[in-house]
Structure formats: C-alpha cells, structure tokens
There are 2 protein chains.
Amino acid sequence: MLGIELHRNSGVSLARQIYQALRSQMTEGRLKQGEALPSTREMAKHLAVSRNTVCEAYEMLSSEGFIESRQGSKTRVANGLLLEKTDLPVDDTEESDSSTLSYLVDFRTGQPDLRCFPRSLWLQLIRKASEDLPQDQWGYSGTEGIPALRKEIAGWVFRSKGMAARPQDIFITSGATQALHLLAELLSAYGKDIMMEDPCHIGMLRVLQGKGFNILPVPVDKRGLQTDLLKRNSACAIYVTPSHQFPLGGILPAARRAALIRYARENDLFIIEDDYDSEFRYCGPPVAPLYAMDPQRVIYVGTFSKILFPALRIGYVVLPHKFHNQWRYLRRHVDVQNPPFEQAALTEYLRTRKLDRHVRRMRKLYGQRREILLQAMEEKFGRVWRPWGDASGLHLALEFPGMRFDEKFALRCKEFGIRVTPVDDHSIRKGVHLDKLLVGYGHLEAKEIRQGVSVLYECMDCFLKSGR
Amino acid sequence: MLGIELHRNSGVSLARQIYQALRSQMTEGRLKQGEALPSTREMAKHLAVSRNTVCEAYEMLSSEGFIESRQGSKTRVANGLLLEKTDLPVDDTEESDSSTLSYLVDFRTGQPDLRCFPRSLWLQLIRKASEDLPQDQWGYSGTEGIPALRKEIAGWVFRSKGMAARPQDIFITSGATQALHLLAELLSAYGKDIMMEDPCHIGMLRVLQGKGFNILPVPVDKRGLQTDLLKRNSACAIYVTPSHQFPLGGILPAARRAALIRYARENDLFIIEDDYDSEFRYCGPPVAPLYAMDPQRVIYVGTFSKILFPALRIGYVVLPHKFHNQWRYLRRHVDVQNPPFEQAALTEYLRTRKLDRHVRRMRKLYGQRREILLQAMEEKFGRVWRPWGDASGLHLALEFPGMRFDEKFALRCKEFGIRVTPVDDHSIRKGVHLDKLLVGYGHLEAKEIRQGVSVLYECMDCFLKSGR
C-alpha cells in the first residue's frame, strides 16, 4: 500500500517514517491532489503498526496542511502541493579549513605554545566558574561582558602596561578580529577611508576592506609607522600596532607616538591601537599603550588569544564613552554576547594573578626561543641576513638583502616541509619588502627551531641554484 | 626630586611608577626636551629604592624613545614629546544593558526556563569535554565548528524534524543572530532588497537593515506568510519563520510551503528559514522544515538558545554547497570561530541523547504552562480576546478586537509591574496589528502566569477607564 517501507531500528520513529513517505509522495505527485488516503485502521493493519502510530503520522500531515479531513468523510490530499524534484546536492568532499597540512616545521606567526598552557589549572577554573555562575548569566547577560571580568581586565592592563582604563569603558569581544569588525561598522559613519600601516596584518586589512573601507597605506620602517609621512587626507581613522608593529616588529618611539596623536587631533580622526602581543617583550616591561596619551581618541584593542590560547575567543576593546551605546546596538545585532563560561574562568585566572605568572613564564620561554632562532640563523646563514624589529612577540622578521621572497619561494618551502611567510604577503603595496621573511617561533621547541632553520637553508640554497 | 611619589603597596612595580611619573612630566612639559635626568644612582638614593629599579624605569623610557642616553654623557629628555593635556573622561555612570528592570511578572518572549535546565549534568559534560579536548582545538580549529558537533547536529535534525542534512553543510555559529548577520553579508552580493514577514522579529529586521538591506514586507495571517501576496520584485531573498511564525504563531501550511518554494524558484531567490523554536510544539511532533523541499535554495538557521540556554551562544546554519567557501572567508574575518568548550559539551549532550530527553520534558512543561495561561486568560477576560497561532513555542499572541496596544500601553504595564510586548513593536508597517499583545510564558511558573494575567487585567481596566 503506497509503497511505504519502514525501518524499525533506524532511530526515527515509525510515525515520522510514515509521515515522510506520504509527504514525498504528495510533493512528487505520486499521490494526487484530492486523492483519498486509506483510513488509519487500514493503514495500521497493512503496515503492521499500531493505529496510534498512523494517527500520529496523519496528524502531522494534517497540521502541516498536507492532508484535509472532515468529519465523516475520507482524508484527502490537499491542493497545491506538487513540486518538481530538485537535484540532490552532489556528494562532493571538500577541504575544511581546520585540516592543516602537516609541516615538518611550521613557522607560522601568531601562534602561542599550547603545549605549555596550564590546562588542568584552567579546567579547574572553568569548572569552578561554571558551577558558581549565577542563574541570570545562563540567559542573555549583556553585550558588554561579565562585569567582574571588565573590572579584572582594568586591573590587568594597569598592572602590566600602566594603562588606566575604567571598567565601564571595557567591552568584551570574541577576540580582536571581532573587535575590529565591530569598530569598522562603528566608524563607517565617519568616513569611507582608513589608514593602515604598510605592511600590516593581511587578515585585519581584509576585515576593513570587507566593510567597504578604502585603505590608505602609510609606510613602516624599523621603528614602526613613519609618522613624518602622514598627510592630510580624508581618512576617519588609522589602524596601528605601536607596541610591536605587525609584521616588521618595531616599537613606535615616543616622539612618533606624540606626532601620531598630534596628527590625529589636528585632522580629527580616531586611532585604533591593536596591542596584540605586547606582553611578550624580552628587554624591559611591556610598552605603555598609546591609549594612555588620549583616551578620547584612541580605541584600544586587546586580546587573550596570544597570552592564553586562541580558542578562548576573548578579546576586548576600550572605547571612548560616546561610542558605548552604538557599540551595544551593533553587538546585539551581530552575535549578542560572548558565552559566560570562558569569561568567568578568565575572571578567576586574572583575579588570582595566575595570568601574571603565566605571562612571566612564557615571556622567559619565548625569549629563549628567540635567542635560539637568532643563534641558529647565525650558525647557518652567517651574516647575509639581519633581524628586524625589537625583541618582542612570537615571530621575527628576517631581512636577506637582495633576495626576492615571493609566492614561488613559499611554495618551494612547502615542498621542503616548512612554512614561512614572505612579508610581501602582508604588504599593501607589493614589492617593497620582498627581501623579508616572517618566522614564527613562539610555539616551537629548540629542536624544531634548529631543524626548521636547517631546512630553510637547504631550501634557499636550492631556490638560488635553480635560478628561482 | 621631580615630585615623584611612590606607593609601595599599590600592586604596580616601583620601576613602573617611576617610569609613569617621568613620562607624564615629559609629555606635559614639566620636563623639557633636552633636559638632563638625574643619574640612576642619584635617583635611587633620593627615592630610597634600589638602583636596579631606577635602571629598569630608565630602560623602559629609553626603549620607548622618551629619553636618550649616550655613552659617557647624561641621560636627556628626547625631542618632540610634548602633548597638550586632554580632558579626562567624565566619571559618569551609565546603564548597562545587562541590568534588567525587575518586573513583578516579566512576560518577555524568547526566554526558556533556566530554572529547569539540568545544570549539574551540563557542568559534568563541559568538564569532561574540556578535559578530553584535543590540543589542536585549543588553537584555531576552524571556522566551521567541531566536526563531531556538526555530525551530531545532522543526527539531531533528522531525529527531531526528519530533516536530512549533511554534516559538511552544517556550519556552527554564535547563535541565530550571527547566522543572519553572516547570511546578510553573503547575500549582499545578490541584491539590496530582501523580503520579510510582517510582523517579524524586530531584532532580525535590524540585523538586515544594519547591513544596508531594503526591507520588502509581506503580510502574515493566522497561518503564516500570505504567499498569495508574493509579487515579482527585486528581492534576492526572503526571510521566513515557517515552523512557528514570529510573532503571530502560525505554522505555514503545506500548500503555502509549496507556493513559496515555487515562487523562489521562478524568481531565483533564496529562502532563509529561521527555525527558532519548532521543537516546542504541543500537538504532534515538530514541523518538517522547508529545507527538505529544496536544499539548494533554502538556507536553514537553527539555534540551541531556546532549547538549552541563551548564554550557550551556539546556533547553526545549513548552507548550500556553493556558499561554503565564501562563508568560511566571512566568518574568518568576523570573529574566526566559536570557542570549543561549549561545542564539545553540546556534542556529548547530543550524542548521549540527553537533549532529546530534555526537549521532551520541557515540551510537556511548556505545554502545561500554555494551558495555564489560556485558562487564566479565560477566567479573567472571558471572551473578549482570542489566541493566535498554533500550539507551539514559548509565547502566545493574544488578540483583543478593538483595542489599541501601543507604547503608552506598554509603559502603563511597566508601571503595574509587568512586561508585555505589543505586536506593533514587531510590525514593519505600523498599525496593522495594534489589537494584539505578545505574552511569553515559557520561563514562568503557574503562579507567576496567573499573577501576571491578573495584573494585566487590572492594567487594561485602568487603561480603558483613563481613556488611555
């Protein structure tokens, strides 16, 4: 009867199977409009199921309007159900972006060492924090983030960078990327042009371009943004990484900082200060943020992705008061809020000063790895290269005067089993920094760093011999 | 000397305090450019700190370019540091959007009962899942979400709604709001107009408007979208809630579903199907999604905010294959990914079928509460009102023919201590549904519902007597 096949152990209820079978017969036209269905009694008998099961299936069909039944008359197929069949999706396989090619040594940038992360401590904290979470925080608890976390972050930026920020100016985000995404929406009311350091983080460039911004590049040298090249233009904001220029590594000197602030004031524009990894500075303490110099004009973006682990997805933005309400509105219509568990765990991690300890430990470790990288480079390459930037962060820019590191070179490295990034990948105007490579070392052990440098040497040798 | 005051128990290192004091004196012009600083020895003696402490402060100043020191000569203030002082931020207090007014009875919509959520079970799962989380998932683990969760969701939508979706078409989001936000970005390449049900969820309307879409409203009646009013126009997509129209509550009948699909095919547009709470249907099982009728044209949006708890921030979208790569690109530049802990816990919750059990339990409870609401309404209001929509969801639309529920009425209710929402708040064209109110009951206990209805009665009485 009606060609219904039932599978008793499929995990799908029998009623639903009957409903589905009948429904497809109706939309595909095998059961025509106005046609009568068997009574529930007949159908149940035929399919050897209980009559209740059939009644349930008929109810589903009826309440969704597939069938119509009137008191005393037969149940019939409703009108207007016919649909031509569409092609089923092709059963392709596709590469997920989570599947990473396995490299022998992966010198990618922006990667903290997850092996050193105090997992069990974190798990304790997240358990404790989740247990203690007040009930209202299981519901919608506000776009700004948990109040206790905002307060702890205010304490943390003051302890670690001498930056005085009020908890109510601190808004939690899902990492620095979301912060920039929302800032781009916020600032789009002020103009269509934005200045960026060149080179800069290409991901951040794309966030701004994706929001329709026209990018005005400002060149960078060893000390960061070349403020003497700032010209009067139509930009509404400038995005900078003064604590550790990405990718070239300079720390913006005080006179340039003052010049940048003066420039922003004269031209009435905002400064977005992305402080993505200033905690890891190996000579002296972290640099004081620009924010301290003009909290009404500088929007500060911080993140815990590099200090703790990227999957945490917690960053923050320190916002001038006039943006607060607009920010809330935007966040509410973008993704509402961060989940509370990680926020609560991070609050505890900060409150108990465990973050301070972790940062100190990691700074020491990353500093040693940087030394190992420099030493390995010197042993292998002698004096044909020089490091760029200050002793800070998780990656290093290496200059090889006369070399041209392009896509072809990166591909050749891949064949050799290592990943390095040409600075040109992050350049807005291509070709200016072709002689520089980025090497991320923070997440690699001494052995891996040395092995990677050896392979890089072989690879470069082969690249040069082959005439590229 | 230089008016430096040190606070020994402030939590800020002495070196940083010295650095900060000197820095502000330089940017404020009390220390002039070229001026010599005391030697580290003198300064240490004067401040009664170790010389190392002073050296550290000087190093910070030097590496940031505030001071310059050359071998054999005095340390001097660098050039170009002077900045005019800005006004400090005013110390205002502002209302956080997490601070909710306390109502006697809060009939807001879209609120599951958090009191009934099996917290301790969830905490067990999140602990277990966090402990078992592979190391690579502490880093960036992919924009799509955890593979195991995508697989479990595919199983869940099949079990619960008979919807066949492939795991690789399922993309995890931070709730349904983010799903729509990203879809708006995705679809903006296809046009500038989008159709929406009228009335519709005003938050979702704002998401689309915020992305620059022009909204074309399509009227809704008791059975949902009035497909006979669909006209040929320039829209690239239509946003619908066919399983339980928000806010009016209709389940879209099969013939209208077929008409909608045919319309979308003829006019080559996409359908965004927001299935925000179809799990809670009190007569018969959940409605089969539109998605099943045309997986190449329907983009399905689901969420766990209503089934579990809003702070979870996990939703998903089932995407036609041709959008996959673009989706990944967008998500990467919006906020990269969801955090993994909640994803892993939800995976377990689904795998062990605990979600199925929870939904069954809550469906029963919410169904009872709906009955209590209907009964209380009848007792208080007699026959002057009628309920709209099907027996589903966490809220009910009530029609009072002849009444005008506007902002004034909502304010009057607030004075009486209850929150109700005029349907007009969610209307695109105002004034069409002035005689309807929304009452969210899912999160309220019987006593609260009855009390709320009593207060609503008093309030309406007073509103009518006062001539509004």
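Placed above this text is the structure.
The paragraphs below set out a description of the structure included in this document. Keep in mind the model is a prediction, meaning the values are calculated, not measured. (Residues numbered from 1 in each chain as written. Chains lettered and ligands numbered in written order. Predicted model: local features only at pLDDT ≥ 70, side-chain atom pairs only at ≥ 80, totals over all residues. Heavy atoms only, no water.)

**Here's the deal with the overall build of chain A**
At step 1: Tallying secondary structure elements over chain A gives 13 helices and 16 strands in all.
At step 2: Relative to the 2.2 N^0.38 estimate, which gives 23 Å for 468 residues, the radius of gyration of chain A is 30 Å and therefore markedly larger than a compact globule would have.
At step 3: Each of the three principal axes of chain A carries a C-alpha extent, and together these read 95 × 60 × 50 Å.
At step 4: Counting every position in chain A, which comprises 468 residues, the buried fraction comes to 61%.
At step 5: For chain A, restricting intrachain contacts to residue pairs at least 6 apart in sequence, the fraction spanning at least 24 positions comes to 73%.
At step 6: Summed over its atoms, the accessible surface of chain A is roughly 18,400 Å², and 49% of this surface lies on carbon and sulfur atoms.
At step 7: Counting 66 positive and 56 negative side-chain charges, chain A places the centres of these two groups 3 Å from one another. (Helix = DSSP H or I, 4+ residues; strand = E, 2+ residues; numbered from the N terminus. Rg over C-alpha atoms; globule rule 2.2 N^0.38 Å. Buried < 20%, exposed > 50% of the residue type's maximum accessible area, 1.4 Å probe, protein only. Contact = heavy atoms within 4.5 Å. Areas by Shrake-Rupley, 256 points an atom, 1.4 Å probe, with all protein chains shown as cover. Lys, Arg positive; Asp, Glu negative; His and termini not counted. Charge placed at Lys NZ, Arg CZ, Asp CG, Glu CD.)

**Examining the interface of chain B and chain A**
At step 1: Between chain B and chain A, the residue contacts involve 112 residues of the former and 111 residues of the latter.
At step 2: Each partner contributes to the roughly 9,000 Å² buried at the junction of chain B and chain A, and carbon and sulfur atoms together form 54% of this total.
At step 3: Summed over the three residues of chain B that lose the most area to chain A, namely Arg119, Trp138 and Tyr140 of chain B, the buried surface amounts to 8% of that side.
At step 4: Where chain B packs against chain A, one counts 2 salt bridges.
At step 5: For the pair chain B and chain A, the interface holds 21 residue pairs in polar contact (both at pLDDT 80 or more). (Buried area = accessible area lost by both parts, 1.4 Å probe. Salt bridge = Lys/Arg side-chain N within 4 Å of Asp/Glu carboxyl O. Polar contact = N/O pair within 3.5 Å; in protein donor to acceptor, adjacent residues only side chain to side chain.)

**A short note on the pairing of strand 5 (residues 193-198) of chain A**
Residues and elements named next belong to chain A.
At step 1: For strand 5, the buried fraction is high: 6 of the 6 residues fall into the buried class.
At step 2: Relative to strand 6 (residues 214-221), strand 5 runs parallel, the two being bridged by 6 bridges. Across the sheet, residue methionine 195 finds its bridge partner in strand 6, namely leucine 216.
At step 3: The parallel pair strand 5 and strand 6 is bridged by helix 7 (residues 202-210), and the resulting crossover is right-handed. (Pairing = 2+ DSSP bridges. Right-handed = clockwise from strand over helix to strand, strands pointing away.)

**What about the sheet that holds strand 16 (residues 436-440) of chain B?**
Through backbone hydrogen bonds, the strands of a sheet pair up, either in parallel or in antiparallel fashion.
All names here are of chain B.
At step 1: An order of 12-13-16-15 is seen for the 4 strands of this open sheet, with the pairing classed as antiparallel. Strands at the two margins of the open sheet, each flanked by one partner only, are strand 12 (386-388) and strand 15 (421-422).
At step 2: Relative to strand 16, strand 13 (residues 395-399) is paired through 5 bridges, and the arrangement is antiparallel. Counterpart to leucine 396 in the pairing with strand 16 is valine 439.

**Considerations on the relation of the copies chain B and chain A**
At step 1: Note on the identical chains: chain B maps onto chain A by a rotation of 180 degrees and an axial translation of 0.0 Å, with an RMSD of 0.0 Å. Read as a symmetry element, the transformation amounts to a two-fold axis. Among all residues of chain B, the one whose C-alpha sits closest to the rotation axis is arginine 127 of chain B, at a distance of 3.0 Å.
At step 2: A high fraction, 99%, of the interface residues of chain B reappear at the interface in chain A, so the copies pair face to face through one surface. (Least-squares fit on C-alpha atoms with pLDDT ≥ 70 in both.)

**Remarks on the side chain of serine 174 of chain A**
At step 1: Within the element layout of this structure, serine 174 of chain A appears in the loop between strand 4 (170-173) and helix 6 (175-187).
At step 2: What serine 174 of chain A contacts, discounting residues up to four positions off in sequence, is Arg313, Gly315, Arg331, Asp335 and Asn338 of chain A together with Asp335 of chain B.

**Digging into unusual backbone geometry**
At step 1: A cis amide bond, omega 5 degrees, links phenylalanine 246 of chain A with the succeeding residue proline 247 of chain A.
At step 2: For alanine 48 of chain B, which is not glycine, the phi dihedral falls at a positive 60 degrees.
At step 3: Tracing the backbone shows alanine 48 of chain B in the loop between helix 2 (40-47) and helix 3 (51-63).
At step 4: A residue is classified by how much of its surface remains accessible, and alanine 48 of chain B, at 55% relative accessible area, is exposed.

**Digging into the packing of helix 2 of chain B against helix 3 of chain B**
Residue and element names in this part refer to chain B.
At step 1: For the pair helix 2 and helix 3, interaxial distance at closest approach is 8 Å and the crossing angle is 120 degrees. If you check the angle between helix 2 and helix 3, you find them oblique. Between helix 2 and helix 3 lies a crossing of right-handed hand. Contacts from Thr40, Arg41, Met43 and Ala44 in helix 2 reach Arg51, Val54, Cys55 and Tyr58 in helix 3.
At step 2: Considered class by class, the residues forming the contact of helix 2 with helix 3 number 5 nonpolar, 1 polar and 2 charged. (Axes fitted to C-alpha atoms, helices over the stretch in contact; angles between N-to-C directions. Parallel < 35°, antiparallel > 145°, perpendicular 65-115°, else oblique. Left-handed = near helix turned anticlockwise from the far one by under 90°. Nonpolar A, V, L, I, M, F, W, Y, C, P; charged D, E, K, R; others polar.)

**Things to note about the sheet that holds strand 11 (residues 315-318) of chain A**
Residues and elements named next belong to chain A.
At step 1: Taken together, 8 strands build an open sheet; the order of strands is 4-11-10-9-8-5-6-7 and the sheet is mixed. Strands at the two margins of the open sheet, each flanked by one partner only, are strand 4 and strand 7 (224-225).
At step 2: Across the sheet, helix 9 (residues 324-332) lies against strand 4 and strand 11, angled at about 15 degrees from strand 4, the strand it touches most.

**A closer look at the pattern of salt bridges**
At step 1: Under the criterion given, the structure shown has 51 salt bridges over all chains.
At step 2: Salt-bridge contacts for aspartate 132 of chain A lead to lysine 128 of chain A; the nearest nitrogen and oxygen are separated by 2.5 Å. With a gap of 4 residues between them, aspartate 132 of chain A and lysine 128 of chain A both fall in helix 4 (residues 119-132), about one helical turn apart.
At step 3: Each of the salt bridges in this network shares a partner with another, and the network as a whole consists of Asp113, Arg115, Arg369, Glu445 and Glu448 of chain B.

**Focus on the packing of aromatic side chains**
At step 1: Scanning all chains against the criterion turns up 46 aromatic pairs over all chains.
At step 2: Their ring planes at 75 degrees and their centres at 5.6 Å tell us that tryptophan 122 of chain B and tyrosine 349 of chain B sit as a pair that is edge-to-face. You can see tryptophan 122 of chain B sitting in helix 4 (residues 119-132) and its partner tyrosine 349 of chain B sitting in helix 10 (residues 340-351), a full 227 residues away along the chain.
At step 3: Classification of tryptophan 122 of chain B as buried rests on a relative accessible area of 0%.
At step 4: Over the face of the ring belonging to phenylalanine 171 of chain A we find arginine 150 of chain A, whose NZ or CZ atom lies 5.1 Å from the ring centre.
At step 5: In this structure, lysine 192 of chain A is placed above the aromatic ring of phenylalanine 213 of chain A, and the distance from its NZ or CZ to the ring centre is 5.4 Å. (Phe/Tyr/Trp six-rings, centres within 6.5 Å; stacked < 30°, edge-to-face > 60°. Lys NZ or Arg CZ within 6 Å of the ring centre and 35° of its normal.)

**Comments concerning the pairing of strand 4 (residues 170-173) of chain B**
Residue and element names in this part refer to chain B.
At step 1: Neither face of strand 4 is exposed, since Ile170 and Ile172 on one face and Phe171 and Thr173 on the opposite face are all buried.
At step 2: In terms of strand pairing, strand 4 meets strand 11 (residues 315-318) through 4 bridges, oriented antiparallel. Counterpart to isoleucine 170 in the pairing with strand 11 is valine 318.

**Some remarks on the environment of leucine 83 of chain A**
Residue and element names in this part refer to chain A.
At step 1: With respect to the secondary-structure elements, leucine 83 resides in the loop between strand 2 (76-77) and strand 3 (105-106).
At step 2: Residue leucine 83 is classed as buried on the basis of its relative accessible area of 8%.
At step 3: Distance from leucine 83 to methionine 26, taken between C-alpha atoms, is 8.8 Å for residues 57 residues apart in sequence.

**Considerations on empty space enclosed by the protein**
At step 1: Throughout the structure, instances matching the rule amount to 4 cavities of 30 Å³ or more.
At step 2: Its volume calculated, the largest cavity comes out at about 70 Å³.
At step 3: Along its surface, the largest cavity is lined by Ser174, Asp335, Gln337 and Pro339 of chain A together with Ser174, Leu312, Arg313, Ile314, Gln337, Asn338, Pro339 and Glu342 of chain B.
At step 4: Grouping the amino acids of the lining of the largest cavity by side-chain chemistry returns 4 nonpolar, 5 polar and 3 charged. (1 Å grid on protein atoms, 1.4 Å probe; cavity = no way out; pocket = protein on both sides within 12 Å on 5 of 7 lines; lining within 4 Å. Points joined across faces, edges and corners; volume = space filled by probe spheres on them.)

**Structural notes on the nonpolar core**
At step 1: Membership of the largest hydrophobic core comes to 186 residues, with the highest contact counts inside it found for Trp122 and Phe304 of chain A together with Trp122 and Phe304 of chain B.
At step 2: With near-sequence residues (within four places) excluded, tryptophan 122 of chain A lies in contact with Phe117, Leu308, Phe309, Leu312, Glu342, Ala345, Leu346 and Tyr349 of chain A together with Trp138 and Phe341 of chain B. (Core = buried A, V, L, I, M, F, W, Y, C linked by side-chain atoms within 4.5 Å.)

**With respect to the environment of glutamine 337 of chain B**
At step 1: With respect to the helices, strands and loops of the structure, glutamine 337 of chain B is situated in the loop between helix 9 (324-332) and helix 10.
At step 2: Considering only alpha carbons, one finds glutamine 337 of chain B and threonine 109 of chain B, 228 residues apart in sequence, at a separation of 28 Å.
At step 3: Setting aside residues up to four positions removed in sequence, glutamine 337 of chain B forms contacts with Ala311 and Arg313 of chain A together with Gly139, Tyr140, Ser141, Gly142, Thr143 and Arg331 of chain B.
At step 4: At 2.7 Å, the side chain of glutamine 337 of chain B forms a polar contact with the backbone nitrogen of serine 141 of chain B.

**Topic: the side chain of threonine 173 of chain A**
Residues and elements named next belong to chain A.
At step 1: Here threonine 173 is to be found in strand 4.
At step 2: Here the side chain of threonine 173 touches glycine 175 through a polar contact of 2.7 Å, landing on its backbone oxygen.
At step 3: Setting aside residues no more than four positions away along its own chain, threonine 173 makes contact with Gln178, Ala179, Arg313, Ile314, Gly315, Tyr316, Val317, Trp327, Arg331 and Asn338.

**Concerning the packing of helix 6 (residues 175-187) of chain B against helix 9 of chain B**
Angle between the axes and distance between the axes: these two values describe a pair of packed helices.
Residue and element names in this part refer to chain B.
At step 1: Put simply, helix 6 and helix 9 touch, their axes get as near as 10 Å, and they point 115 degrees apart. The hand of the helix 6/helix 9 crossing is right-handed. Packed against helix 6, whose contacting residues are Gln178, Ala179, Leu182, Leu183, Glu185 and Leu186, the element helix 9 presents Gln326, Trp327, Leu330 and Arg331 at the interface.
At step 2: Counted by class, the contact of helix 6 with helix 9 contains 6 nonpolar, 2 polar and 2 charged residues.

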